[in-house]
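Spelled out, the chains give:
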Amino acid sequence: MPDLDNDHGWLLTLDGTPQSYVDLADPTYLEFEYTRRIAHLLDTLAPEGQPLEALHLGGGALSVPRYLAATRPGSRQRVVEIDGPLTELIAEQLPWPEGIEVGVGDARAALAEAAPGSVDVLVADVFHGSRTPAHLTSVEFLRLAAAALRPGGCYAANIADGPPLAFAKAQAATLRAVFPEVCLAAEPSVLRGRRYGNVLLIGSDRPLPVEQLSRRLAADPFPARLCDPDELAALVRGVAPVLDASAEDSPPPPAGAFSLG
């Protein structure tokens, strides 16, 4: 749908759920706060303007890949999107810039085929409807992600959860079972278990840019709070990592959570 307040803006919805927003004239403009949190992370991973090699699991309208292409020219990016007709629609209506390769397929299957140590950053933003598929929530899946990253590379996953944050805590515990350094970002009201919302999980084999990222998240128009590795350890104490055998889809959102008004 075109944005009536922006001649170059487009909103993608899937089954009534807002999925992506793209400004064709300014790819650095990110409407949804969860995409800005991913962008804040990307901004802190390397010196300004330095190209990155990125793998994106889940594409939608490619808001984040477009941002990375604009802010880090020369970056090589691969996107895996399971919805072939959607990819064709985006290619026709909202064409993406050079340097972004988009393929159709299952995220985990594509990850299993990725060359070891081939990417600097791996972003997982995969939803079936409004839920994260079970096969993308396990230790086994994250081991595939870790194997695809170069030393010092970073994994980031956008998920959604609500009170009592059982799914988000289990996912954080799962990341901690695979990555030595893990942190989590979300709106304070979501972290306090007051409402349903997006949660950004971040993992790496090297210390993360916690201070820089915390400042950027706090300065956002919709501020988020970063739980550093020590805080996260306390948050998930006693929570078991998720294995393939016990993995489940993320919980459905409450009615009206993604209403377009």
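Residues numbered from 1 in each chain as written. Predicted model: local features only at pLDDT ≥ 70, side-chain atom pairs only at ≥ 80, totals over all residues. Heavy atoms only, no water.

Enquirer: What is the right way to read the overall build of the protein from this model?
Expert: Secondary structure summary: the protein contains nine helices and ten strands in total. The C-alpha extent of the protein, read off along each of the three principal axes, is 50 × 40 × 35 Å. By residue count, 49% of the 261 residues in the protein fall in the buried class. Total accessible area on the protein stands at roughly 12200 Å², and carbon and sulfur atoms take up 52% of it. For the protein, the distance from the average position of its 20 positive side-chain charges to the average position of its 34 negative side-chain charges is 9 Å. (Helix = DSSP H or I, 4+ residues; strand = E, 2+ residues; numbered from the N terminus. Buried < 20%, exposed > 50% of the residue type's maximum accessible area, 1.4 Å probe, protein only. Areas by Shrake-Rupley, 256 points an atom, 1.4 Å probe, with all protein chains shown as cover. Lys, Arg positive; Asp, Glu negative; His and termini not counted. Charge placed at Lys NZ, Arg CZ, Asp CG, Glu CD.)

Enquirer: Quick question: what am I supposed to make of empty space enclosed by the protein here?
Expert: Under the counting rule described, the total for this entry stands at four cavities of 30 Å³ or more. The volume enclosed by the largest cavity comes to roughly 130 Å³. Its residues placed into classes, the lining of the largest cavity shows seven nonpolar, eight polar and one charged. Space inside the second largest cavity adds up to approximately 110 Å³. Broken down by secondary-structure element, the contributors of at least two residues to the lining of the second largest cavity are strand E7 (149–161) and helix H6 (166–176). At four residues, the largest contribution of residues to the lining of the second largest cavity is made by E7. Within the lining of the second largest cavity, the residues separate by chemical class into nine nonpolar, three polar and one charged. (1 Å grid on protein atoms, 1.4 Å probe; cavity = no way out; pocket = protein on both sides within 12 Å on 5 of 7 lines; lining within 4 Å. Points joined across faces, edges and corners; volume = space filled by probe spheres on them. Nonpolar A, V, L, I, M, F, W, Y, C, P; charged D, E, K, R; others polar.)

Enquirer: Honestly, the sheet that holds E7 in this entry has me stumped. Any pointers?
Expert: Working definition: the strands of a sheet are paired by backbone hydrogen bonds and lie parallel or antiparallel to each other. Spatial ordering of the open sheet is given by E5-E4-E3-E6-E7-E9-E8-E10, a layout of eight strands whose pairing is mixed. Since the sheet does not close on itself, it has two edges, and those belong to strand E5 (100–104) and strand E10 (225–227), each with one partner. Ignoring which end each strand starts from, the neighbouring axes of this sheet average 15° apart. Pairing of strand E6 (residues 119–124) with E7, which is carried by five bridges, proceeds in the parallel orientation. Within E7, the position partnered with Val121 by the bridge is Cys154. Most of the contacts of H6 go to E7, to which it runs at about 170°, and overall it touches E7, strand E8 (181–186) and strand E9 (197–204). (Pairing = 2+ DSSP bridges. Axes fitted to C-alpha atoms, helices over the stretch in contact; angles between N-to-C directions. Contact = heavy atoms within 4.5 Å.)

Enquirer: What's the story with the nonpolar core in this structure? I'm lost.
Expert: Side chains of nonpolar character tend, in soluble globular proteins, to be buried together. Membership of the largest hydrophobic core comes to 37 residues, with the highest contact counts inside it found for Leu57, Leu111, Leu122, Tyr155, Leu184 and Val199. When residues in this core are grouped by element, the largest group, five residues, is from H6. In this structure, Phe32, Val121, Leu208 and Leu217 belong to the second largest nonpolar core, which totals 25 residues. (Core = buried A, V, L, I, M, F, W, Y, C linked by side-chain atoms within 4.5 Å.)

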